[in-house]
Amino acid sequence: MPEPPSAGPPPRAPELDAAATIAAGSPRAQAAAALVGALAKAARAFTLYDPGNTLVRQFIGDYRAKADAATAQGPVTLEVKPFEMALGTEVVYREEDRERSLAFKLFRDGVRKLTFGRGVTVDELVRLLQILALRFVGIRQAEDDVVTLLRKAEFRGITFVAVEGYAPEDEDPEEGLRRRGGEPPADFDTPFPRLPPPGPIAWAELPADALATLRGEEAPEALSRAGLKLAAELVAWAARGALPPGEVGQFCGELRDYLLADRELGLLAMLADLAQRQPPGQLRDELLRGLADPRLLEAVLASLPQEGGELPPEAARLVPFVPAAAVLERLAGEEVGGRQAALLGVVAARLPADAEVVAARLGGLPSAHVRSLLRILAQRAPEWGDRASLSLLGHADPALRLEALRALAASSQQIPSAPLVKLLEDDDEALRIAAAQALEHHGDTAAARAVADSLTGRKSYSRAEAAVLGRTLGALHAGAALRLFDGWLEHKRKLLGVLRVGEHEELLRWAAVAGLGAIPGVEAEQRLEAVAKWADEALRRHVHATGARRRAEGRRNG
Amino acid sequence: MDELLQAQEDLARALGRARVGEDRDLAQRVREAGEQVAHLLSGLLKLTRVHAPENRAFDAPVAEFGRALSALVELLGTVHLVTVEDQIYVNDVRIRIEGKAGSRDLGTELRRHDTGGLSFHAPLPDPSVRALVRALAAAAEGEAKRSALLGRLQAEGVTAVEPAGIFRFRLEEGEDKRSPDDVVRRVLGLVTETSANLSAGRPLNPLPLRRAILAVLDAGLGAPAFWGGFPAQAAPHALHALEVATVSLATARAAGFPASFLQDLGVAALVHDAGYLSPGIGTGQSAFARHSLEGARVVLRQRGFQEAKVRRLRAVLEHHRDFATPNARPSPGGAILRLAEDYVNVTRLYGTQVLRADALGALVKGGGTLYHPVLSQVLVNTLGRHPPGTLLELEDGRYARVAAPARGPELWDRPLVRPLDPRTRELMAEVIDLARGPRIRRAVPG
């Protein structure tokens with residue numbers, strides 16, 4: 001059962017308070033004034049608020065309640081004048097500001113009388129409001145005005161009298177017939193195709209169901225499918241070279257907007273398929289370009305469960321048309337893990353096409369997303385992934401620099417070592433370690449020297465850093481490393497035992513052991529065994545761990 | 001769901017759809033350029049109080065006016081600048097003049113010459129703009145002030161500007177009752193103007209056509225003015241468009257289509273042959289083969305997706321398509337246009353040899369292959385045993401032409417006719433109802 005209309009006081013909206021209602025005399029005029037005032041406010045509300053705004057709903061409720069009250073005793077016929085509306089001799093609405101005036105908008109389009117019948121339905125009230133709202137918002141003025149829209153609506157409970165808005169006082173009846181150029185060829189529509197010989201004609205009862213089917217094909221709810229069918233035909237014409245691809249792409253883009261407004265995900269997916277089915281070429285490019293739009297993301301996301309998860313198949317078919325920039329923007333504000341994963345999946349599907357956009361936007365995202373995106377970039381667009389990582393090395397946020405270094409370390413592409421070397425001097429140990437790890441894969445002789453300098457030049461760092469630097473040194477330049485390691489691991493004894501070494505020398509030994517682990521061959525292995533014989537407990541454990549790692553890597557590398 | 005919430009959602013969706021259907025860019029450009037033209041013209045007239053139009057002070061605003069007008073002509077074709085009381089419209093788009101007193105005075109300036117508007121048929125070079133300003137700023141002359149203004153413009157070589165009469169808002173419904181003859185002239189004029197604009201590559205402006213279709217429907221499709229005795233000076237293609245529109249509308253109405261469909265179908269019928277106006281379309285068979293698709297391109301150029309455009313586009317694209325085309329059966333709009341156009345063409349091309357009833361008989365025979373089988377019967381029911389325009393020999397020896405479509409099943413074979421003057425063979429004004437009058441002896445081709 002429908003809820004009763006709002007019975008409370010009219011909604012307050014300061015911007016609309018000036019909407020013109022006037023103090024009418026008789027009770028019927030007062031009720032009519034309240035109806036027109038509520039209608040005008042509700043229609044104007046769409047110029048000020050989003051249609052989904054709560055205030056708009058209140059205005060609609062108020063309008064409906066006022067309409068019920070005004071028509072309770074019988075029809076309300078309002079005469080429309082340029083700035084006023086009157087019930088009989090009583091003015092019930094006056095607004096002289098043309099931009100705000102409901103009367104002027106109706107009058108300008110030619111409406112001269114408007115009657116609300118007794119028992120006018122909510123549906124009709126809402127459709128009237130819709131027409132007026134369209135005029136207040138001022139859209140589609142080239143196609144329709146109030147009169148054409150009212151005529152289309154075929155109201156039963158609302159009637160109106162309309163004239164043409166303005167007309168010449170005197171008119172030359174033949175003026176319009178003057179030739180102005182622009183005529184079809186004289187032989188238009190010829191040669192006329194052959195028709196069958198005529199048969200007899202007679203009046204016949206028409207089959208109601210066949211006519212109903214015909215009318216159904218043109219019903220408003222069939223528009224989306226009709227549009228899609230038309231798009232397919234236009235694409236087919238364009239594929240044959242009979243229509244410019246750009247014009248068809250434009251139409252498909254317009255259809256996409258309509259389907260989006262109507263939330264027709266399935267039909268959107270069919271439209272997307274239409275583009276995807278085209279062979280490579282200008283038409284396909286135009287269609288893909290014409291269909292891509294950030295607003296598709298909303299349709300895709302609307303199909304996702306609140307907690308995230310797999311995209312429904314029709315939504316997945318739309319993913320190639322969602323620009324990654326829109327997804328990244330959305331990703332930054334998304335808190336639900338499952339939906340984050342879905343968004344990252346959308347980005348992945350947009351690569352490598354949108355790699356540049358993704359790379360350019362990484363700097364503004366949280367490090368966790370950057371990590372994921374760099375991983376995705378590395379898989380789908382490695383060149384752009386490395387480029388993005390290198391540019392992030394200069395970012396102010398150490399967390400992003402760290403993610404970039406990790407991504408570079410994992411890259412199989414060739415990476416310049418200079419920016420990595422520079423980071424060996426960073427204040428942040430985690431960054432230095434990550435830089436050294438990246439250099440293990442992407443360094444050169446010059447980098448080896450820098451690594452060695454980093455080990456010898458600084459006096460204080462952690463064993464972890466020492467190990468990574470040592471390993472990098474061993475990997476980059478085995479010969480030079482062995483010479484250095486031999487020096488650092490020289491076994492010095494004093495008369496009564498092992499000579500205690502300083503902290504820095506200890507770190508160098510730590511580095512050397514780790515570095516030997518990265519150098520292939522028996523020589524390095526023998527050196528490790530030799531160290532194990534004289535090393536203290538901690539260093540011996542380090543030697544063993546390094547040996548184990550070396551063996552594991554050996555097995556892995558065959 | 002809460003009824004109000006549902007209503008709100010419906011409204012939001014309707015607005016969303018409408019926004020999608022809007023050619024925002026075009027509307028905005030028309031409004032901006034229109035405002036510029038109106039304001040600059042007003043400013044130029046004011047400037048004449050200080051300087052003569054040849055003065056250097058006019059150089060910049062004259063050039064600016066010329067550019068703005070040129071942009072508008074490019075967009076709209078003929079630019080109709082209309083002042084109605086204190087309002088200004090450019091091709092039906094109201095120009096914002098709030099807070100711009102100068103523009104408000106434009107109407108007053110024009111009214112001195114008994115003029116309410118100016119139609120610009122082409123862009124104006126600088127000397128013509130100065131001549132226009134000079135003519136408007138001069139004192140009004142004689143009794144026929146508007147004619148004098150036109151004469152002055154033509155004497156100065158400004159042939160692309162045409163003054164229009166004074167406009168006013170229509171106040172009462174009675175004022176708007178145009179006769180069917182007026183409506184016919186108006187439709188023919190609009191088709192002529194629209195063709196000229198489309199031919200020049202300008203976008204289609206559907207609103208005036210839609211209002212003209214409303215006028216046709218209001219005047220009543222049964223009115224004899226829609227079925228014969230058209231103005232002799234009308235362009236053949238405009239007449240053809242009108243006839244296809246009236247036959248289409250009568251068919252669609254008889255098939256029970258709603259008002260919104262009738263409006264869209266009527267507009268489509270008026271522009272269905274727009275493809276013939278495409279550059280390089282040629283003549284004969286090749287033009288015939290290409291014009292439907294080229295016409296669709298004309299409609300396609302209108303930006304935005306909306307019901308009216310889709311209907312128009314399909315109808316124009318399919319208006320020569322056979323009903324039984326595999327996998328591409330025409331839409332109802334296309335099928336109705338096909339039927340109406342073929343009927344009108346048979347009568348136009350073979351009317352002297354073939355009876356209109358036989359033309360209908362051929363269309364019925366083609367039902368199911370060339371034509372929608374039900375629609376062809378709808379057309380037969382609508383037009384009658386003796387379709388409008390049929391030449392009849394009456395039992396009393398007079399000749400007459402059928403003046404209107406059938407009035408229902410009972411009177412299906414007894415139409416309204418207009419007798420021919422026996423001496424001149426011209427149609428007479430008298431209308432005879434054959435339900436009461438003489439019997440029909442025979443129908444004659446011609």
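This text follows the structure it describes.
Residues numbered from 1 in each chain as written. Chains lettered and ligands numbered in written order. Predicted model: local features only at pLDDT ≥ 70, side-chain atom pairs only at ≥ 80, totals over all residues.

Engineer: Tell me about the sheet that holds strand β11 (residues 440-444) of chain B, and please be specific about residues and values.
Structural biologist: Pairing within the open sheet is antiparallel, and its 5 strands lie in the order β10-β9-β8-β7-β11 (chain B). The open sheet terminates on both sides in strands that have one partner only, identified here as β10 (432-433) and β11 of chain B. (Pairing = 2+ DSSP bridges. Helix = DSSP H or I, 4+ residues; strand = E, 2+ residues; numbered from the N terminus.)

Engineer: With reference to specific residues and values, describe the pairing of strand β5 (residues 158-162) of chain A.
Structural biologist: All names here are of chain A. Going residue by residue along β5, you find Ile158, Phe160 and Ala162 tucked away on one face and Thr159 and Val161 left uncovered on the opposite face. Bridge count for strand β4 (residues 111-116) against β5 is 5 bridges, and the pairing is antiparallel. Directly across from valine 111, in β5, lies its bridge partner alanine 162. (Buried ≥ 20, exposed ≤ 12 C-beta atoms within 10 Å, placed from the backbone.)

Engineer: Can you tell me about unusual backbone geometry, naming the residues and giving the values?
Structural biologist: With the exception of glycine, most residues fall at negative phi, and the peptide bonds are largely trans. Residues and elements named next belong to chain A. A cis amide bond, omega -5 degrees, links threonine 190 with the succeeding residue proline 191. Mapped onto the secondary structure, proline 191 falls in the loop between β6 (166-168) and α6 (208-217). Cis geometry is adopted by the peptide bond preceding proline 352, which originates at leucine 351 and carries an omega value of 10 degrees. The phi angle at arginine 263 is positive, at roughly 55 degrees, despite the residue not being glycine. Assignment of secondary structure puts arginine 263 in the loop between α8 (245-261) and α9 (265-276).

Engineer: Give me the environment of alanine 524 of chain A: which residues, what numbers.
Structural biologist: Residue and element names in this part refer to chain A. Residue placement: alanine 524 occurs in helix α25 (residues 522-534). Alanine 524 sits in the buried class, given 20 other C-beta atoms within 10 Å. As a C-alpha pair, alanine 524 and valine 513 span 11 residues in sequence and 9.3 Å in three-dimensional space. Ignoring sequence-local partners within four residues, the contact set of alanine 524 consists of Leu516 and Ile519. (Contact = placed C-beta atoms within 7 Å.)

Engineer: Break down the interface of chain A and chain B for me, with residues and values.
Structural biologist: Each partner contributes residues to the interface: chain A has 94 residues there, and chain B has 110 residues. Residue assignment for the side of chain A that touches chain B shows that the elements contributing at least two residues are α2 (54-71), α3 (102-109), α4 (122-137), α5 (146-153), β6, α6, α7 (223-239) and α8 of chain A.

Engineer: Any chance you could break down the packing of helix α24 (residues 503-518) of chain A against helix α26 (residues 537-556) of chain A for me, citing the residues and the numbers?
Structural biologist: Residues and elements named next belong to chain A. It is at 8 Å that the axes of α24 and α26 come closest, and there the two elements cross at 20 degrees. By the criterion of interaxial angle, the relationship of α24 to α26 is roughly parallel. For the element pair α24 and α26, the recorded crossing hand is right-handed. Of α26, the residues touching α24 (which contributes Arg509, Trp510, Val513, Ala514, Leu516 and Gly517) are Leu539, His542, Val543, Thr546, Arg549 and Arg550. (Axes fitted to C-alpha atoms, helices over the stretch in contact; angles between N-to-C directions. Parallel < 35°, antiparallel > 145°, perpendicular 65-115°, else oblique. Left-handed = near helix turned anticlockwise from the far one by under 90°.)

Engineer: For the nonpolar core, give the residues involved together with the corresponding values.
Structural biologist: Leu318, Leu377 and Val451 of chain A are the most contacted members of the largest nonpolar core, which has 200 residues in total. When residues in this core are grouped by element, the largest group, 10 residues, is from helix α9 (residues 236-254) of chain B. When neighbours within four sequence positions are excluded, leucine 377 of chain A is seen to be in contact with Leu351, Ala355, Val358, Ala359, Trp384, Gly385 and Ala388 of chain A. By size, the runner-up hydrophobic cluster in this structure holds 59 residues, among which are Ala32, Leu35, Leu102 and Leu129 of chain A. (Core = buried A, V, L, I, M, F, W, Y, C linked by C-beta atoms within 7 Å.)

Engineer: Can you tell me about α2 of chain A, naming the residues and giving the values?
Structural biologist: The terminal C-alpha atoms of α2 of chain A lie 26 Å apart, and with 18 residues this matches the ideal 26 Å at 1.5 Å per residue to within 8%. Among the 18 residues in α2 of chain A, 13 count as buried, and that is most of the element. (Expected span 1.5 Å × (residues − 1).)

Engineer: Kindly report on the sheet that holds strand β3 (residues 90-94) of chain A, identifying the contributing residues and their values.
Structural biologist: Residue and element names in this part refer to chain A. If you walk across this open sheet you meet the 5 strands as β3-β2-β1-β4-β5, and the pairing is antiparallel. Only two strands of the sheet have a single partner each, and these edge strands are β3 and β5. The average angle at which neighbouring strand axes cross in this sheet is 25 degrees, direction not considered. Both strand β2 (residues 84-87) and β3 contribute to a ladder of 4 bridges, which runs antiparallel. Note that in β3 the partner of methionine 85 across the bridge is tyrosine 93. Here α3 sits on the sheet and contacts β1 (76-80), β2, β3 and β4; the angle it forms with β4, its principal contact strand, is near 120 degrees.

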